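Each chain, letter by letter, is given below.
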Amino acid sequence: MTTTLRPTEPLQQQAGGARSRRFQVCVNSRPAGEIHIETSPALGPSVARVTGLRIDEPDRRRGRGTVAMLAAEEVARGWGCGQVELLIPAGADAALRLADSLGYTLRNRTMRKRLGEVPPELPPGSRVRPMTEEEFAAWQAAETVRYARQWASRGLSEADARAKSAADHAALLPDGLGTTGVWFGVLEHEGTRVGHLWLAPRDGETWIFDVETEAALRGRGHGRTLLLLAEARTIGRGEPTLMLNVFAGNTPAERLYESLGYETTRRTLYKPLL
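In this text, all values refer to a predicted model and were calculated from it rather than measured experimentally.

Engineer: Is there a simple way to explain the overall build of the protein in this structure?
Structural biologist: The helix and strand inventory of the protein stands at 6 helices and 13 strands. Along the three orthogonal principal directions, the C-alpha set of the protein runs to about 70 × 35 × 30 Å. Within the span of the protein, comprising 274 residues, buried residues form 44% of the whole. A fraction of 62% describes how many contacts in the protein between residues 6 or more apart in sequence connect residues 24 or more apart. As displayed, the protein offers around 14100 Å² of accessible surface, 51% of which is attributable to carbon and sulfur atoms. With 36 positive and 33 negative side-chain charges, the protein shows a spacing of 6 Å between the two charge centroids.

This is the structure in structure tokens:
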């Protein structure tokens, strides 16, 4: 039997190169499911995103999903994409197995913690203060470079990685330190700066966009204190959850988040198109 993709709509194209199209998954011309292919809203037209893959129950466990995904990769190649990404919600074990069998690599996890009602206290000797404009300027200069390098190491071209870093920071911090809803704090312990924290709203929830302990002072519990500070700030605003993203391979951070009760809500995987 032959599994193919049949378009169910015209190719959707937008300014800037964004594309999108929906397909039926067909077996010998018989509809057996559906799939949606688009260019990534976050990474631009050089990266395709496959969403909404569904195989009807009578055709499951027969390799239809595998062939549909391979066909979707061919569509992405035809669009000039050099990479495909998948967003897989927690609990979708079959989708994870399929992605693994096709050579996709975990890029990052989205995690959420449901908070209590009482803000945690900081350890003795620890205090927080607002980040100064001078500190923010130094942080932003270094962070835009570091963030671009993270994406370049995960398959984006150097040019695309730099463009993403610039675009993300411009969107999230249009007014710098004075951007509405944004909070930057500096953690000090016994008078010494030990780390910083960036909180901001997105999609109706509070997100940790950056949390970092000074390199020379890691391994002393300051990272945990910064996360407790994030919880205290969020609870103080009357919000019930706290969100963050963590790149794959950052094992100390992943272990810390899990130990504090963060749970994975979504995994993002990617695959270069050779």
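There is more to say after this.
Engineer: Help me out: how do you make sense of the nonpolar core in this one?
Structural biologist: One broad trend across soluble globular proteins is that nonpolar side chains are buried collectively. The biggest cluster of nonpolar side chains holds 23 residues, and the ones touching the most others in it are L5, I35, V50, M69, V84, L86 and Y104. Those elements giving two or more residues to this core turn out to be β3 (19-27), β4 (30-40), β5 (44-55), α1 (64-78), β6 (83-89) and α2 (93-101). For this core, the element with the most residues is α1, which contributes 4 residues. Those residues in contact with M69, other than ones at most four positions away along the chain, are I35, V50, L53, L86, L98, L102 and Y104. Of all hydrophobic cores here, the second largest spans 22 residues; its members include A253, L256, Y257 and Y262.

Engineer: So what exactly am I meant to see when it comes to the pattern of salt bridges here?
Structural biologist: A side chain with one charge may pair with a side chain of the opposite charge, provided their charged atoms come close. All told, the structure shown has 25 salt bridges when counted by the stated rule. In this structure, the salt-bridge partner of E57 is R60, at a minimum N-O distance of 3.0 Å. Of the residues examined, R60 reaches a relative accessible area of 39% and is grouped as partly exposed. Put simply, D59 and R64 hold a salt bridge, and the shortest N to O gap is 3.4 Å. Comparing D59 with R64, the two get one shared label, buried. If you follow the salt bridges from partner to partner, you end up with R127, R129, E135, E188, R193 and E214 in one network.

Engineer: Help me understand the pairing of strand β12 (residues 241-247) in this model?
Structural biologist: In summary, the side chains of a regular strand alternate between the two faces of the sheet. For β12, a buried count of 6 out of 7 residues is recorded, marking the element as mostly surrounded by other parts of the structure. Bridge analysis of strand β7 (residues 105-114) against β12 gives 7 bridges, and the strand direction is antiparallel. If you follow M111 over to β12, its bridge partner there is L244. The sheet contact formed by strand β11 (residues 205-213) and β12 spans 3 bridges and is parallel. Looking at the pairing, W207 lines up with M243 of β12. Running through helix α5 (residues 222-236), the crossover from β11 to the neighbouring parallel element β12 is right-handed.

Engineer: What's the story with helix α6 (residues 251-259) in this structure? I'm lost.
Structural biologist: Because the α-helix completes a turn every 3.6 residues, residues three or four places apart line up on one side. Those residues of α6 not exposed but buried are A253, E254, L256 and Y257. Projected onto a plane normal to the axis of α6, the buried residues spread over an arc of 165° and lie on a single side. Pointing more than 90 degrees away from the buried face of α6 are the exposed residues P252 and R255. Buried positions along α6 lie against β7, β11, α5 and β12.

Engineer: Honestly, helix α3 (residues 133-152) in this entry has me stumped. Any pointers?
Structural biologist: Counted at 1.5 Å a residue, the expected span for α3 with its 20 residues is 28 Å, and the 29 Å between its end C-alpha atoms agrees. By the burial criterion, the buried members of α3 are E135, F136, W139, E143, Y147, A148, Q150 and W151.

Engineer: What exactly am I supposed to notice about the environment of E143 here?
Structural biologist: Summarising the element assignment, E143 is placed in helix α3. When the C-alpha atoms of E143 and M69 are compared, they prove to be 35 Å apart, with 74 residues separating the residues in sequence. Separated by 2.6 Å, the side chains of E143 and R146 make a polar contact.

Engineer: Could you clarify how one ought to interpret the environment of E38 in this entry?
Structural biologist: For E38, the position within the fold is in strand β4. Between the C-alpha atoms of E38 and S126, which are 88 residues apart in sequence, the distance is 47 Å. Sequence-distant contacts of E38, that is, excluding residues within four places in its chain, are made with R19, S20, V47, A48, R49, T51 and W79.

Engineer: Which parts of the structure should I look at to understand unusual backbone geometry?
Structural biologist: Note: most residues except glycine have negative phi, and most peptide bonds are trans. With a phi angle near 50°, N28 is a residue other than glycine that sits in the positive phi range. With respect to the secondary-structure elements, N28 resides in the loop between β3 and β4. Non-glycine residue S29 carries a positive phi angle of around 75°. By the element assignment, S29 lies in the loop between β3 and β4. Under the relative-accessibility criterion, S29 is labelled exposed at 52%.

Basis of the calculations
- Residues numbered from 1 in each chain as written.
- Predicted model: local features only at pLDDT ≥ 70, side-chain atom pairs only at ≥ 80, totals over all residues.
- Heavy atoms only, no water.
- Helix = DSSP H or I, 4+ residues; strand = E, 2+ residues; numbered from the N terminus.
- Buried < 20%, exposed > 50% of the residue type's maximum accessible area, 1.4 Å probe, protein only.
- Contact = heavy atoms within 4.5 Å.
- Areas by Shrake-Rupley, 256 points an atom, 1.4 Å probe, with all protein chains shown as cover.
- Lys, Arg positive; Asp, Glu negative; His and termini not counted.
- Charge placed at Lys NZ, Arg CZ, Asp CG, Glu CD.
- Core = buried A, V, L, I, M, F, W, Y, C linked by side-chain atoms within 4.5 Å.
- Salt bridge = Lys/Arg side-chain N within 4 Å of Asp/Glu carboxyl O.
- Pairing = 2+ DSSP bridges.
- Right-handed = clockwise from strand over helix to strand, strands pointing away.
- Arc of directions from axis to C-beta.
- Expected span 1.5 Å × (residues − 1).
- Polar contact = N/O pair within 3.5 Å; in protein donor to acceptor, adjacent residues only side chain to side chain.

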